[in-house]
Amino acid sequence: MLEVCERLSPNNSWAIDYTFKTNQFELSLYAVVAPTSMGFGILLWYMIHGSGKGPNHEQFALETCLRVIFTRMFKVRPNAIVIDECWRSYNVIPNVV
């Protein structure tokens, strides 16, 4: 998946979507999709998050996940990161990028 991230990210955008309570354990799910040259969205990575303790546990997990991905991608970055109305994503992205 890292190779797909590196190949689809230059001159492209990522869409980060947050969904919660969509499984039997009510865990949060973050998914990142990028468009291909054919106009289809392809899943680049996803993160499922358990119900931890603390006010910012989920935000910290998302920030750590994004840092690891961007570190492994070295200097390759998407041109834009599109999010929905998730305040965690909004707070994390400036810290990581």
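Student: Go over helix α3 (residues 87-96) with me, naming the residues and quoting the values.
Tutor: By the burial criterion, the buried members of α3 are R88, S89, V92, I93 and V96. Each buried residue of α3 sits inside an arc of 120 degrees when the element is viewed along its axis, so together they form one side. Those residues of α3 that are exposed and angled more than 90 degrees off the buried face are Y90 and P94. Tucked into the core, α3 has its buried residues touching β1 (13-19), β2 (28-35), α2 (57-72) and β4 (80-83).

Student: Which residues make up α2, and what values do they have?
Tutor: The end-to-end C-alpha distance of α2 is 23 Å, a good match for the 22 Å that 16 residues give at a rise of 1.5 Å each. Turning to α2, the residues buried within the fold contact β1, β2, β3 (41-49), β4 and α3. Once α2 finishes, F74 follows within two positions and takes phi at roughly 60 degrees, a positive value.

Student: Give a detailed account of the packing of α2 against α3, specifying residues and quantitative values.
Tutor: Interhelical geometry of α2 versus α3 gives an angle of 40 degrees and a closest axis separation of 9 Å. Compared by their axis directions, α2 and α3 come out oblique. Once α2 is placed against α3, the crossing between them reads as right-handed. Each of E58, Q59, L62, E63, L66, R67 and F70 in α2 lies in contact with α3, whose residues at this interface are W87, R88, S89, N91, V92, I93, N95 and V96. When grouped by side-chain class, the residues that make up the contact of α2 with α3 number 7 nonpolar, 4 polar and 4 charged.

Analysis parameters
Residues numbered from 1 in each chain as written. Predicted model: local features only at pLDDT ≥ 70, side-chain atom pairs only at ≥ 80, totals over all residues. Heavy atoms only, no water. Buried < 20%, exposed > 50% of the residue type's maximum accessible area, 1.4 Å probe, protein only. Helix = DSSP H or I, 4+ residues; strand = E, 2+ residues; numbered from the N terminus. Arc of directions from axis to C-beta. Contact = heavy atoms within 4.5 Å. Expected span 1.5 Å × (residues − 1). Axes fitted to C-alpha atoms, helices over the stretch in contact; angles between N-to-C directions. Parallel < 35°, antiparallel > 145°, perpendicular 65-115°, else oblique. Left-handed = near helix turned anticlockwise from the far one by under 90°. Nonpolar A, V, L, I, M, F, W, Y, C, P; charged D, E, K, R; others polar.

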